[in-house]
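The lines below spell out each chain.
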Amino acid sequence: MAAGGRRREQGVSAAPQLKVADLTKAFGGLLAVNQISFDVRRGEILGLLGPNGSGKTTLLNLVSGAMLPTRGTVSLDGRVLTGLAPHRIARAGVSRTFQLVRMLPSLSALENVMVGAVFGPGRVWGGEAEAIGRALLERVGLAGRESLHPAAMTYIDQKRVELARALAGDPQVLLLDEWLAGLNPTELQTGIALIESLHAEGRTVVMVEHVMDAIRSLCDRCVVMNAGAKLAEGTAEEVLSNPEVIRAYLGDEHA
Amino acid sequence: MLTVIVVTSLLLGGAYALMAMGLTLQYGVARILNLSTGETLVGAAFASFWLFTAAKLSPLLTLLVVVPAAFVLNWLIYRYLLTPLVRRAKNRGMLEADSILATFGLLFVMQGLMLAGFGGNYYSYSYLAQPVTLFDHTFGLNRLVAFAIAAAVALGLYLGLSHTRQGMAIRAVAVNPLAAGLVAIDVPRTAGFAFALGGALTACGGSLLSMFLTFNASMGVVFTMKALIIVIMGGVGDIRGAVIAALLLALVETMVASLIDPGLTLAATFLLFVLTLLFRPQGIMGKRA
Amino acid sequence: MIFSMQRREVATMAAAAAALAVLAGLPLADDGFWLALGISIASYVAMATAWALFSGPTNYVSLATAAFFGSGAYVVSALAESAPWPVILIAAAAVGALLAFAVGVATLRLSGVHFVIFTFGLAELIRQLVTWYQTTVTGSVGRYIFVEISAAQIYWQLLALCGLTFFIGWAIARSRLGFALRVIGDDETVAAHSGINTAQCKVLLFCISGTLIALVGAVMAPRFTYIEPSIAYGSMVSFQVVIMALLGGARRLWGPLVGVLPFTLLYELISGRFPNHTHLLLGIAFLLIVYFVPQGVSGLLVKAWNRMPWRRAAAAGSKA
């Protein structure tokens, strides 16, 4: 449980928390996201898979408000988020990390994390924000490095800080864009354990991911995209053995 | 009345279009927001004035001197003053801030030199000032000639950009300097060429304006303002947009000046600017992102 | 660590208060040249610091200083005979805030370039509008300002404004707004996705900056005795303030202060000896700053300070 956070019920509930309906984004004639619909239940980890260029990051950008969809809606607990500015969506309880890690270079590790607590849904200030920041840095394994600046950190440590920043506002839904990409095998195990602990505390997570081990061990359900459209939906085992999915990833001869 | 307004603004719009095309090349391709563009224009006007009064050279012939000189001067400015800033900038925002400040410096240096040379007085000269009747109204022949030259230069530029190798390179750098570099376009050279060409167009506009407008050494800022607003209205880097916006601005300006009050022309251009910012920040020809 | 007031901050504040008290004694020593110079410097310190409050963290070059300054001065000319001085100041502050709000809402949602262009022509626009209003509605362009106020009183009010500006800058740095600005300065996308309303922050900051500059204009207005649009809205002040703030360094609260002193002295010297070359001086100053001191003199000072032997030892000690 994140410091200062609300209590959550354990396990996955049946009610959809995040609802994506008929979401479409056209760039000129190209449909980057094409009529995508799916639900994310409370406390669930949903994997968003698909080959490169299939529209996963665009979908996350639509959910987090970085882009406006051409059509369709995203709603959180029944409240429509589509059309809101990114800062409103963040305050409503949807926080995200970025595909290429984005640190705030002039802020220390602690201050980077505090940004999430101060401006996110929690909107705390002062000693309380600092306490949340310290607790989260400890949780992601960076206790004692509070005053380090991003330039002096390794890639995995920067990713840890970014995750802590996204968690600091105690979000309803966490969007992870290839958070595990680029980690070595040891770091990967640490990373998987960290996301597993989010699952255990009942946090809802949508993760764009390519690392198959992580998908199998973490995701309750997966949505697979290809060329902007939804190709398959189901448990990790189901979608990964789906011939359509294999064809999309590897080509015809493997199906 | 309406005919007079439309024709007058069209004739004025020709020179405006040249200056705006110059700025849109400098900003859209070379990525330098040149705030001394008005001083380039006024400088060319003074050069024409000086060549006409001292050397008795016809303003049409001075174009052949002033425009190449402006090209060379602007190339040198880009090469030696601005290239270090381009190299130093870590991102587009930094280059923007640096180039704004550096061109402020140029603005004041050029203005200071012109003030030193000509003082703060207003200047004009009389060339081809005979009346010509058009649609039952009289207009100065100098305005008609200036417009014809501006139209020819604008058309030439448009064809050059769309049909030559160098033109295609310029358009490629305007869209994406990084990708242009990957397909073996010499980006720094192309940007320098675009900056120099932009300066030459602005100077051409200034020489043409000097044939029928009164000018002084500290007027550049007003022209810079107009050029900036036209470029934003037309969409940065968009030649056709710049021409349309220039004509629109000249029309609104002439209407306000002749129907309401000549003291409100800047207010009119600002109104256009605010409307653009509120409703089409990407420019009248631009696509909504 | 950024929330509790540290002993060093208390010491800095005490030193600043003491410095203001000493400076306040200037009119007792001289009421001629030096007081005039003091007034000039105090007004530029207040304006350059207020300018940097907004333009430092956002990197948006504002050229609206003349517009705020002139509007503040014009409020005085309009109300001088009908309202008491404090009411006039409040009205000037309100006009500055409203003007900044209108400009901010129109341009700060967009990129910095739109903002620069807008402020570039703003003073000239307002000058035209005021001239037009005065010629068509009131009938006369110029106005005399008769306010019972001495040069010493103007000087003290400017000193108070300098103190207020520094205090506001200090308070912002400790507030949520200040924290948000640091995030925006680093990465605007991260700021928005972390829940920061970036446009609102910028507009708010621009309003604070514009209000302070309008107040300087109001306090300075009685110095003019006769006011007309081309005097009040002279665009040079916009550029001078930018140069001073950049020369000192806009990223530190005390930066502009460092830039105002040398530049004001140099400008007084040049405009006295070679009145026709002030433009050239401004131009060369801009170029020199951009190419040789992009971080401002305060940046150089901090660098030099950190290279001092005792600082190096301290840095090594804290790392170990």
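### Observations regarding the side chain of serine 55 of chain C
Here serine 55 of chain C is to be found in helix α3 (residues 33–58). Beyond its immediate chain neighbours, meaning those up to four positions away, serine 55 of chain C contacts Tyr60, Val61 and Ser62 of chain C.

### Some thoughts on unusual backbone geometry
Generally, phi is negative for residues other than glycine and the peptide bonds are trans, each holding for most cases. Although it is not a glycine, arginine 123 of chain A adopts a positive phi angle of roughly 50°. Structurally, arginine 123 of chain A can be placed in the loop between α3 (109–119) and α4 (127–139). A relative accessible area of 34% places arginine 123 of chain A in the partly exposed class. In this model, arginine 31 of chain B sits at a positive phi of 65°, which is unusual for a non-glycine residue. With respect to the secondary-structure elements, arginine 31 of chain B resides in the loop between α1 (2–28) and α2 (37–54).

### Remarks on the pattern of salt bridges
Residue and element names in this part refer to chain A. Applying the stated rule across the entire model yields 22 salt bridges over all chains. The residue arginine 41 makes a salt bridge to glutamate 44 at a minimum N-O spacing of 3.7 Å. Exposure remark for glutamate 44: the relative accessible area of 1% places this residue in the buried category. A salt bridge links arginine 203 to aspartate 170, with the nearest nitrogen and oxygen atoms 3.1 Å apart. Taken together, the positions of arginine 203 in the loop between α6 (185–200) and β8 (204–208) and aspartate 170 in the loop between α5 (155–168) and β7 (173–177) put the pair 33 residues apart, joining distant regions of the chain. Here the salt bridges share partners, and the residues they tie into one network are Arg41, Glu44, Arg221, Lys230 and Glu233.

### Focus on the interface of chain C and chain B
With 34 residues of chain C at the interface, the matching set in chain B holds 39 residues. With both sides pooled, the region where chain C packs onto chain B buries about 3300 Å², and carbon together with sulfur makes up 82% of that total. Counting the surface chain C buries against chain B, the share from its top three residues, Ile117, Phe120 and Tyr291 of chain C, is 19%. Across the chain C-chain B interface, the total number found is zero salt bridges. For the pair chain C and chain B, the number of links is four residue pairs in polar contact (both at pLDDT 80 or more).

### Points about the confidence of the model for chain B
All names here are of chain B. The pLDDT averaged across chain B works out to 88; a share of 99% of its residues lies at or above 70. Per-residue pLDDT, averaged within each element of chain B, yields its smallest value for strand β1 (residues 131–134) (76) and its largest for helix α8 (residues 187–210) (93). Overall fold confidence (pTM) sits at 0.87, and the ipTM for the predicted complex is 0.89.

### Quick notes on empty space enclosed by the protein
Taken as a whole, this structure holds four cavities of 30 Å³ or more when the rule is applied. Considering only enclosed or pocket space, the largest cavity measures out at about 120 Å³ in volume. If you go around the largest cavity, you meet 15 residues; those closest to its centre are Ser95, Arg165 and Ala166 of chain A together with His193 and Ser194 of chain C. Listed by contribution, the elements that provide at least two residues to the lining of the largest cavity are β6 (94–96) and α5 of chain A together with α9 (188–193) of chain C.

### Topic: the confidence of the model for chain A
Averaged over all residues, the pLDDT of chain A is 89; the fraction at 70 or higher stands at 93%. The low-confidence segment residues 1–9 of chain A (pLDDT under 50) makes 20 contacts with residues lying over four places distant or belonging to another chain.

### Let's talk about the sheet that holds strand β9 (residues 221–226) of chain A
What holds strands together in a sheet is hydrogen bonding between their backbones, with the strands either parallel or antiparallel. All names here are of chain A. The strand order β6-β7-β8-β3-β9-β10 describes an open sheet built from six strands, whose pairing is mixed. Looking at which strands have only one partner, the edges of the open sheet turn out to be β6 and β10 (229–234). Taking the axes of each pair of neighbouring strands and ignoring which way they run, one obtains an average angle of 20° across the sheet. Of the strands in this sheet, β3 (45–49), β6, β7, β8 and β9 touch helix α1 (residues 56–64), which is tilted by about 150° from β7.

### Points about the packing of aromatic side chains
The full count for this structure, using the stated rule, is 34 aromatic pairs over all chains. Measuring from centroid to centroid gives 6.4 Å for tryptophan 125 of chain A and phenylalanine 179 of chain C, while their planes differ by 50°, and the two rings are tilted. Linking tryptophan 125 of chain A in the loop between α3 and α4 with phenylalanine 179 of chain C in helix α8 (residues 176–186), this pair reaches from one chain into another. Given the relative accessible area of 1%, phenylalanine 179 of chain C is considered buried. The interplanar angle of 80° and the centroid separation of 5.2 Å between the aromatic rings of phenylalanine 115 of chain C and phenylalanine 206 of chain C together place this pair among those described as edge-to-face. Here phenylalanine 115 of chain C, found in helix α6 (residues 112–138), pairs with phenylalanine 206 of chain C, found in helix α10 (residues 198–224); they are 91 residues apart in sequence, far enough to count as distant. This pair shows no difference in class: phenylalanine 115 of chain C is buried, exactly as phenylalanine 206 of chain C is. Connected via pairs of aromatic rings, a cluster forms that spans Phe46, Phe49, Phe52, Phe118, Tyr123, Tyr125, Tyr127 and Phe215 of chain B. Taking the ring centre of phenylalanine 98 of chain A as reference, the NZ or CZ of arginine 102 of chain A above it sits at 5.3 Å.

Basis of the calculations
- Residues numbered from 1 in each chain as written.
- Chains lettered and ligands numbered in written order.
- Predicted model: local features only at pLDDT ≥ 70, side-chain atom pairs only at ≥ 80, totals over all residues.
- Heavy atoms only, no water.
- Helix = DSSP H or I, 4+ residues; strand = E, 2+ residues; numbered from the N terminus.
- Contact = heavy atoms within 4.5 Å.
- Buried < 20%, exposed > 50% of the residue type's maximum accessible area, 1.4 Å probe, protein only.
- Salt bridge = Lys/Arg side-chain N within 4 Å of Asp/Glu carboxyl O.
- Buried area = accessible area lost by both parts, 1.4 Å probe.
- Polar contact = N/O pair within 3.5 Å; in protein donor to acceptor, adjacent residues only side chain to side chain.
- pLDDT = per-residue confidence, 0-100.
- 1 Å grid on protein atoms, 1.4 Å probe; cavity = no way out; pocket = protein on both sides within 12 Å on 5 of 7 lines; lining within 4 Å.
- Points joined across faces, edges and corners; volume = space filled by probe spheres on them.
- Pairing = 2+ DSSP bridges.
- Axes fitted to C-alpha atoms, helices over the stretch in contact; angles between N-to-C directions.
- Phe/Tyr/Trp six-rings, centres within 6.5 Å; stacked < 30°, edge-to-face > 60°.
- Lys NZ or Arg CZ within 6 Å of the ring centre and 35° of its normal.

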